[in-house]
Amino acid sequence: MNMPKTICLAWTGASGMPYGVRLLECLLAAGCRVQLLYSQVAQVVARQEMGLELPSRASETQCFFRERYAALPGELSVYGRDEWFAPVASGSNPPDAMVVCPCTMGTLAAIAQGLASKLIERAADVVIKEGRQLILVPRETPFSVTHLENMLRLARAGVVILPPSPGFYHHPQCVEDLVDFVVARILDQLRVPHVLMQRWGESEA
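Everything in this summary refers to the structure shown in the same document.

Calculation notes
- Residues numbered from 1 in each chain as written.
- Predicted model: local features only at pLDDT ≥ 70, side-chain atom pairs only at ≥ 80, totals over all residues.
- Heavy atoms only, no water.
- Pairing = 2+ DSSP bridges.
- Helix = DSSP H or I, 4+ residues; strand = E, 2+ residues; numbered from the N terminus.
- Contact = heavy atoms within 4.5 Å.
- Axes fitted to C-alpha atoms, helices over the stretch in contact; angles between N-to-C directions.
- Core = buried A, V, L, I, M, F, W, Y, C linked by side-chain atoms within 4.5 Å.
- Buried < 20%, exposed > 50% of the residue type's maximum accessible area, 1.4 Å probe, protein only.
- Disulfide = S-S within 2.5 Å.
- Parallel < 35°, antiparallel > 145°, perpendicular 65-115°, else oblique.
- Left-handed = near helix turned anticlockwise from the far one by under 90°.
- Nonpolar A, V, L, I, M, F, W, Y, C, P; charged D, E, K, R; others polar.

Notes on the sheet that holds strand E6 (residues 160–161)
Strand order in this open sheet of 6 strands is E3-E2-E1-E4-E5-E6, and the pairing throughout is parallel. The sheet is open, and its two borders are formed by strand E3 (75–78) and E6, each paired with just one other strand. In terms of strand pairing, strand E2 (residues 33–38) meets E3 through 4 bridges, oriented parallel. Residue pairing for E3: Val34 is matched across the bridge by Leu76. Strands strand E1 (6–11), E2 and E3 of the sheet are contacted by helix H3 (residues 58–68), whose axis makes an angle of about 160 degrees with E3.

Describing the nonpolar core
In terms of nonpolar packing, the biggest core is built from 43 residues, with Trp11, Leu24 and Val99 touching the most fellow members. If you look at the next biggest cluster of nonpolar residues, it comprises 24 residues, including Ala89, Ile111, Ala124 and Leu134.

So, the state of the cysteines
One pass over the structure, following the stated rule, counts 0 disulfides. A disulfide-free cysteine, Cys8 has its sulfur positioned 12 Å from the sulfur of Cys103, the nearest such atom. On the basis of relative accessibility, which here comes to 0%, the residue Cys8 falls in the buried class. With no disulfide of its own, Cys101 lies closest to Cys103 among cysteine sulfurs, the gap being 9.1 Å. Residue Cys101 is classed as buried on the basis of its relative accessible area, which comes to 0%.

Section: the packing of helix H1 (residues 17–29) against helix H7 (residues 175–190)
Between H1 and H7, the least distance of the axes is 9 Å, while the angle of their chain directions is 55 degrees. One way to sum up the angle between H1 and H7 is to call them oblique. Where H1 crosses over H7, the handedness of that crossing is right-handed. Residues Pro18, Tyr19, Arg22, Leu23, Cys26 and Leu27 of H1 form the contact with H7, whose participating residues are Leu178, Val179, Asp180, Val182, Val183, Ile186, Leu187 and Leu190. Its residues assigned to classes, the contact of H1 with H7 comprises 12 nonpolar, no polar and 2 charged.

Quick notes on the side chain of Asp180
Positionally, Asp180 belongs in helix H7. Given the relative accessible area of 11%, Asp180 is considered buried. Once residues within four sequence positions are removed from consideration, Asp180 is found in contact with Arg22 and Leu196.

Encoded structure:
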């Protein structure tokens, strides 16, 4: 029997929280073990964009999402910003992959420079040094030269840079369809099965 994938999912303070929340739901629906981290500014963005009140205490957030997604088979653990004994903080217990979605340019820059003063940055540093998959979903436009140089540095280290750029060939009918397009691309990178949208070249039948 195959063990479920363990995915570290981090939410930072960039716009695009609907992508992150939908990704959490889809990972749990696929039976993944999810280790969720979120920044203080992510709480502000969640409230502004979704009317979602994320508690400051990780234990309360864990209870909230476990109740919200109780019918889904995956397992969720939430860790606070200062929980340095969290599994993701050590190379002795890395996740199979990590996604930062949405990812601020500040977080991206810190990861590119190898800084690890915060748990999200440390978790990303662990994933890179242990040769695991790291996916960053930077939500910013336009990109400055500094942004692009940081992304190039990370790409050369094997990090996947996946800006949330939805396509339109699937004829989206609502915002949720655009969100699902981006989440589907992330799940494809993680090799997590999904049925979020019809694939290019496939008939509706």
